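# Structural overview for review
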Amino acid sequence: GVPAAGDLLVVAEDEQTARELAGSRQRLNRERQSSSYQSGLMEAVTAQFVAGGIKERREMCVVVKADVQGSAEALSRSLSELKLENEEAMVTVKVLVSEAGEVT
């Protein structure tokens, strides 16, 4: 995949080592995103029970594709923080995929 902004440049001895490093970086990134999603979910559930009113919860799934990785990360973060709420329901945005590249 495309390196994220601020990633360290590492020179590997061979292609297999480079692939292993890339795979471990991707796994760590997925784990970080998953844990942040879980913590946000727990905060939302706690807030609903404290407020006393249980509302219908809906989720809008989106795919973010941007020309550079920094823009994709910024859009994903902003969209994940969006929340629309009224008396009946609460709608949140879940970013399924966020990557840089040509929009197809």
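Note that the structure is a prediction, hence the values are computed from the model and not measured. (Residues numbered from 1 in each chain as written. Predicted model: local features only at pLDDT ≥ 70, side-chain atom pairs only at ≥ 80, totals over all residues. Heavy atoms only, no water.)

## A short note on the pattern of salt bridges
Working definition: two side chains of opposite charge can pair if their charged atoms are close together. Threshold: What makes a salt bridge here is a side-chain nitrogen of Lys or Arg within 4 Å of a carboxyl oxygen of Asp or Glu, nothing more. Here a helix means four or more residues in a row that DSSP labels H or I, a strand means two or more in a row labelled E, and each is numbered from the N terminus. Whether a residue is buried, partly exposed or exposed follows from its accessible area with a 1.4 Å probe, protein chains only, as a fraction of its type maximum: under 20%, in between, or over 50%, in that order.
Summed over the entire model, instances satisfying the criterion amount to two salt bridges. Arginine 19 is the salt-bridge partner of glutamate 15, the closest N and O atoms lying 2.6 Å from each other. Note that glutamate 15 and arginine 19 are positioned in helix H1 (residues 15-51) at a spacing of four residues, about one turn of the helix. The exposure class of arginine 19 is exposed, given its relative accessible area of 58%. For lysine 65, the salt bridge identified is with glutamate 99, shortest N-O distance 3.1 Å.

## Description of the side chain of serine 76
This is how the line gets drawn: Any two residues having at least one pair of non-hydrogen atoms within 4.5 Å are treated as being in contact.
Relative to the helices and strands, serine 76 resides in helix H2 (residues 69-81). With a relative accessible area of 11%, serine 76 lands in the buried category. Not counting the four nearest positions on each side in its chain, serine 76 is found in contact with Val64, Val95 and Ser98.

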